[in-house]
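Listed below, chain by chain, are the residues.
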Amino acid sequence: MNEEHEEHSEQSAAPQGEPEARHSQDVPDTPAEAEPSPEPEAEPGPEPDPEPLHTDEPGAPQDAPEKTDPPAPATPSEQVHHNSVNQYFYGELNASGAQFGIGTAGSDNARRRAVGRLDAGEADAILAPYVKPACFERAALALEQDGVVVLVGPPGTGKRSGAVALVDALADGSEYVVLSPGRSLDDLASGRVAFEKGVGYVLLDRMSDDTSQTADFDWRRVRDTVREHDARLVVTTVHRASGGVVESVRHVTWELPDLTAVLRVRLVREGCGRDTVERAVSGMPDGCRIAEVAAAAERIARGAAPDEVWRDYGSSAAQPVRDWFAEDRTPQEWAEVTTLAFVNGAGYRDFETCQERLESWVEPAFAAPVTEEEQAAAARRAVNRRQSLSHNELVAVEQRKNGPLTRTALVFPHPQYRQWALEELWARLSTPYWNGVRDWLTELVAAQPGLGLQLSVAQGLALLTRPAFDEVADNYLHPWAGGAAGPAGQSTATLVLQCMCLDESLAATALGVARGWARSYDPVLRSTAAAAFSGALGVRFPTDAVTILLKLIVRRGGLPVDAAFALAGLVAVLAECGQDTGAVFRPLAYRLRAQRETLTGQHKENLLGAALTVLRARDARTGRLVCASLLERDVPRTASIGELWAGVLDNLPRRGRALAALYATLRELPAVSERPEQVAERFGGAVGEALPPDDGPPLAAALRQVAARADEQTTALVDIFLTAVLSTKG
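Remember, predicted model here, so these are calculated numbers, not experimental data.

### Quick notes on the pairing of strand β5 (residues 176-179)
Okay, step 1: The alternating pattern of β5 places Tyr 176 and Val 178 and Val 177 and Leu 179 on opposite faces, both of which are buried.
Okay, step 2: Summarising the sheet, strand β3 (residues 116-117) and β5 pair through two bridges and their orientation is antiparallel. Directly across from Gly 116, in β5, lies its bridge partner Val 178.
Okay, step 3: Strand direction decides the pairing type here: β5 and strand β6 (residues 200-203), joined by four bridges, are parallel. Its bridge partner being in β6, Leu 179 is matched across the sheet by Leu 203.

### Details of the packing of helix α19 (residues 504-518) against helix α22 (residues 542-554)
Okay, step 1: α22 packs onto α19 with a crossing angle of 10° between their chain directions and a minimal axis gap of 11 Å. The angle between α19 and α22 places the two elements in the roughly parallel class. Along its contact with α19, which presents Leu 511, Arg 515 and Ala 518, the element α22 presents Asp 544, Ile 548 and Leu 552.
Okay, step 2: Along the lines of polarity and charge, the residues of the contact of α19 with α22 split into four nonpolar, no polar and two charged.

### A look at helix α20 (residues 523-532)
Okay, step 1: Most of α20 sits out of view: eight of its 10 residues are buried.
Okay, step 2: With a side-chain oxygen lying 2.9 Å from the backbone nitrogen of Val 524, the N-terminal cap of α20 falls on Asp 522.

### Some remarks on the sheet that holds β5
Okay, step 1: Strand order in the open sheet made by the six strands is β3-β5-β6-β7-β4-β8, with mixed pairing throughout. Looking along the sheet, the strands with just one partner apiece sit at the ends: β3 and β8 (251-253).
Okay, step 2: Across three bridges, strand β4 (residues 148-152) lies against β8 in parallel orientation. Note on β8: the bridge partner recorded for Val 152 is Thr 253.

### Quick look at the pattern of salt bridges
Okay, step 1: Applying the stated criterion across every chain yields a total of 37 salt bridges.
Okay, step 2: Taking the shortest distance from any N to any O, the salt bridge between Glu 643 and Arg 593 comes out at 2.8 Å. Here Glu 643, found in helix α27 (residues 638-649), pairs with Arg 593, found in helix α24 (residues 582-594); they are 50 residues apart in sequence, far enough to count as distant.
Okay, step 3: Given the relative accessible area of 15%, Glu 643 is considered buried.
Okay, step 4: For Glu 605, the salt bridge identified is with Arg 654, shortest N-O distance 3.0 Å. Here Glu 605 is found in helix α25 (residues 602-615), whereas its partner Arg 654 is found in helix α28 (residues 652-672), with 49 residues between them in sequence. The pair Glu 605 / Arg 654 is uniform in exposure class, with both members buried.
Okay, step 5: One network of salt bridges, in which partners are shared, links Arg 183, Asp 186, Asp 187, Arg 192 and Arg 221.

### Remarks on the confidence of the model for the chain
Okay, step 1: With 81% of its residues at a pLDDT of at least 70, the chain reaches an overall mean of 81.
Okay, step 2: Of all secondary-structure elements in the chain, the lowest mean pLDDT belongs to strand β1 (residues 77-82), at 35, while helix α16 (residues 431-446) reaches the highest, 97.
Okay, step 3: Segment residues 1-28 is flagged for pLDDT under 50; beyond a separation of four residues in sequence, or across chains, it makes 122 contacts in the model.
Okay, step 4: Every residue in residues 30-106 scores below 50 in pLDDT, and together they form 259 contacts with partners more than four places removed in sequence or on other chains.

### What to know about α16
Okay, step 1: Between its first and last C-alpha, α16 extends 22 Å over 16 residues, near the 22 Å set by a 1.5 Å rise per residue.
Okay, step 2: Of the residues making up α16, those classed as buried are Tyr 433, Trp 434, Gly 436, Val 437, Trp 440, Leu 441, Thr 442, Leu 444 and Val 445.
Okay, step 3: Those residues of α16 hidden inside the fold are in contact with α11 (331-342), α12 (348-362), α15 (417-428), α17 (451-481) and α18 (486-500).
Okay, step 4: At the exit of α16 stands Gln 448, carrying a positive phi of roughly 55°.

### Overview of unusual backbone geometry
Okay, step 1: Positive phi values are uncommon outside glycine, yet Asp 205 reaches one of about 55°.
Okay, step 2: Among the structural elements, Asp 205 can be located in the loop between β6 and α5 (215-228).
Okay, step 3: For Asp 205, a relative accessible area of 25% translates into the label partly exposed.
Okay, step 4: Of note in the backbone geometry, Asp 230 takes a positive phi value of approximately 55° without being a glycine.
Okay, step 5: Of note, Asp 230 is situated in the loop between α5 and β7 (232-237).

### Here's the deal with the packing of aromatic side chains
Okay, step 1: Evaluated as defined, the whole model comprises 13 aromatic pairs.
Okay, step 2: Ring centres of Phe 683 and Phe 721 lie 5.0 Å apart, and the angle between their planes is 50°; this geometry places the pair in the tilted category. Of this pair, Phe 683 sits in helix α29 (residues 676-690) while Phe 721 sits in helix α31 (residues 712-727), placing them 38 residues apart in sequence.

### Description of the environment of Arg 655
Okay, step 1: Along the chain, the position of Arg 655 falls in helix α28.
Okay, step 2: A relative accessible area of 16% places Arg 655 in the buried class.
Okay, step 3: If we skip the residues at most four places from it in the chain, Arg 655 touches Val 648, Leu 649, Asp 650, Asp 695 and Pro 698.
Okay, step 4: Of note is the side chain of Arg 655, whose polar atom sits 2.7 Å from the backbone oxygen of Leu 649.

Cut-offs applied
- Residues numbered from 1 in each chain as written.
- Predicted model: local features only at pLDDT ≥ 70, side-chain atom pairs only at ≥ 80, totals over all residues.
- Heavy atoms only, no water.
- Buried < 20%, exposed > 50% of the residue type's maximum accessible area, 1.4 Å probe, protein only.
- Helix = DSSP H or I, 4+ residues; strand = E, 2+ residues; numbered from the N terminus.
- Pairing = 2+ DSSP bridges.
- Axes fitted to C-alpha atoms, helices over the stretch in contact; angles between N-to-C directions.
- Parallel < 35°, antiparallel > 145°, perpendicular 65-115°, else oblique.
- Contact = heavy atoms within 4.5 Å.
- Nonpolar A, V, L, I, M, F, W, Y, C, P; charged D, E, K, R; others polar.
- Polar contact = N/O pair within 3.5 Å; in protein donor to acceptor, adjacent residues only side chain to side chain.
- Salt bridge = Lys/Arg side-chain N within 4 Å of Asp/Glu carboxyl O.
- pLDDT = per-residue confidence, 0-100.
- Expected span 1.5 Å × (residues − 1).
- Phe/Tyr/Trp six-rings, centres within 6.5 Å; stacked < 30°, edge-to-face > 60°.

Following this line, the structure appears as structure tokens:
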């Protein structure tokens with residue numbers, strides 16, 4: 001998808017097999033604010049994004065849609081400092097045991113944007129095997145008559161594929177655009193989304209703001225705007241409008257299609273024989289979601305036996321867990337499974353230590369043993385925890401290779417058991433128990449555990465959001481993001497959001513949480529929000545991320561240093577994932593253009609500092625300057641990069657640091673390009689076009705002084721670059 005059509009300490013403890021987190025080698029260039037303010041400006045409502053559809057801001061030139069490179073096969077961890085918050089982004093997030101994104105690309109969900117143009121390949125993958133549910137024609141009629149329809153239903157009912165199928169059936173063209181779930185009704189109605197004739201628009205998992213009695217009026221405005229532009233808009237949500245009756249836009253209750261038909265279509269398309277198809281259909285268990293059926297069909301088409309496959313989905317997957325919970329269990333057994341849900345993959349010693357601490361926190365939730373026999377039994381169990389674990393059917397021992405050695409890890413017998421165990425724990429245990437779990441996890445995280453344990457806790461909490469979102473938000477995410485568990489708690493809170501981005505049905509919820517932190521009066525919450533948007537959340541929703549980070553940079557009471565680091569981290573992650581870095585460069589370049597005539601001021605200073613920080617961002621895996629790599633592989637981005645460089649080079653207080661960074665960029669071109677001379681010439685032309693007319697000669701003299709002792713190759717590149725700069729001033 002392309003953004004052009006979108007408005008929108010633990011370092012040494014990295015687990016084996018994951019790249020080590022890397023500290024940024026550059027110091028943030030954003031100055032502190034001249035007038036400290038403890039509170040941000042009030043948010044009267046959504047502001048226009050720095051790049052609405054087709055524009056960076058009103059009056060800004062339009063870039064043409066561009067292709068992006070495919071994601072790299074290997075990905076780094078990314079660490080960016082945000083006032084003691086260590087933000088880690090994992091290309092893989094190492095969440096194979098978390099069962100996120102079933103039926104999708106797994107951790108690839110967090111490595112691609114969730115908004116923008118839906119490319120032909122992705123649209124075909126949705127539409128080719130699509131089976132219409134009974135409610136499809138009703139929704140299609142509403143869309144045809146009104147231009148807008150809202151699909152209402154719980155996660156897993158196929159609303160996303162249904163929305164794409166509806167716009168495909170009704171829109172005049174074959175262009176489909178996915179809008180940010182953060183878009184308000186006012187955004188949709190007021191021109192902040194530039195609807196185009198014949199284009200189909202989809203807004204998935206909309207965050208409901210229909211809390212006033214004007215909901216029907218607001219929806220009417222949206223309908224009229226879409227009709228005026230002869231477009232089509234399908235919105236999906238899990239909630240009906242709560243601000244009075246909405247009659248202007250029909251809200252259709254979405255239903256599951258016939259799952260046996262879905263399975264048949266997919267298997268036949270994959271060339272499976274009739275016997276295989278019938279065996280698969282007859283063996284499909286109850287309780288499957290569409291995504292599970294799609295995942296099962298893919299495995300069966302690759303040759304897996306249907307009976308084996310179905311054990312991992314629907315009620316078949318949950319039954320062994322439910323059977324375990326149906327029996328009477330001791331407090332120690334409850335603690336074993338709870339510990340495993342959050343401390344997954346640990347060795348015996350670490351696991352038993354964590355379990356013992358949990359038992360001390362949840363002890364008040366259970367009646368104390370009264371008789372001598374009960375007391376003796378409890379003492380025996382406590383003495384030999386390992387023996388008790390060996391008798392627990394929900395605990396398995398896995399041997400994992402750790403270099404030349406083998407490490408023992410305690411896990412669930414099947415990865416999907418983790419989700420079901422958390423759901424059973426939440427349904428069966430009372431508030432005093434969960435109070436103990438909360439205090440235990442807060443203590444565990446505040447002690448700054450290794451990164452592997454931190455990630456495991458984050459995975460468990462992300463899974464718990466499915467049955468108990470309020471519990472996670474109120475007792476973990478918000479307090480930890482606010483500093484209740486120290487810096488490690490802040491980074492763990494951001495990791496929970498990154499894990500949620502692995503699931504299509506949770507990504508919009510993660511965005512809503514981070515947006516709330518960014519709007520808070522608490523600077524610690526705003527700092528954590530900045531960190532969150534520099535990772536997977538920013539990759540999924542880049543326009544939302546950049547809009548919020550730019551607000552934190554330029555607003556009185558914002559967090560310019562934190563937001564500048566976050567923008568730099570986001571550029572590095574977008575580049576590593578093969579996504580459009582223009583989501584950062586375009587709006588930042590536009591903001592600098594808008595400030596060009598301003599002689600001074602905190603907004604301009606903060607923007608210039610942020611621009612220089614972004615231009616000095618380094619790839620966590622290679623240590624190379626991201627800007628240098630992009631100049632080689634993303635030619636259309638050269639103009640925006642050149643404009644940013646011109647902006648910081650034209651600022652006298654920063655010119656010395658900017659020249660040093662510019663020289664470093666030119667020096668690295670041979671390492672990232674087979675044609676560094678061509679890249680340097682193109683780069684110089686872009687900078688020269690953006691520089692004021694009289695700035696070329698002073699820049700040339702100053703850069704040659706910086707490069708006075710450079711090697712022969714770098715000196716030649718500096719000369720090529722400066723020749724190109726000066727040629728634009730002729």
